[in-house]
Amino acid sequence: MSNTASLGLTPSTTLFSRLMAQIDRLLMSSARISVRNADLPYFGL
């Protein structure tokens with residue numbers, strides 16, 4: 001028997017968190033393209 005306890009937590013993937021993750025992916029890919037083209041990426045929205 002183990003002396004440690006584990007707690008099973010399920011990740012809550014709400015619609016808002018999925019939307020924010022998609023926006024983050026879009027902004028990061030835009031920044032990568034800008035860096036590749038030797039432009040400074042725009043910060044903020």
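Located above this text is the structure these notes cover.
Parameters at a glance
Residues numbered from 1 in each chain as written. Predicted model: local features only at pLDDT ≥ 70, side-chain atom pairs only at ≥ 80, totals over all residues. Heavy atoms only, no water. Helix = DSSP H or I, 4+ residues; strand = E, 2+ residues; numbered from the N terminus. Buried < 20%, exposed > 50% of the residue type's maximum accessible area, 1.4 Å probe, protein only. Expected span 1.5 Å × (residues − 1). Patch = residues over 30% accessible without salt bridge, like charges linked within 9 Å, V, L, I, M, F, W, Y side chains within 5 Å. Areas by Shrake-Rupley, 256 points an atom, 1.4 Å probe, with all protein chains shown as cover. Salt bridge = Lys/Arg side-chain N within 4 Å of Asp/Glu carboxyl O.

Draft legend 1. Here's a closer look at the overall build of the protein chain. Of the regular secondary structure elements, the protein chain holds 1 helix and 0 strands. Counting over 45 residues, the protein chain shows a buried share of 4%.

Draft legend 2. Molecular detail of helix α1 (residues 15–36). With 22 residues, α1 ought to run about 32 Å at 1.5 Å a step, and its terminal C-alpha atoms sit 32 Å apart, in line with that. One or two positions beyond α1, positive phi appears at A38, with a value near 65°.

Draft legend 3. View of a nonpolar patch on the surface. Residues F16, L19, M20, I23 and L27 make up a contiguous nonpolar surface patch of about 470 Å² in total accessible area. Note on placement: I23 falls in helix α1. What makes I23 partly exposed here is its relative accessible area of 33%.

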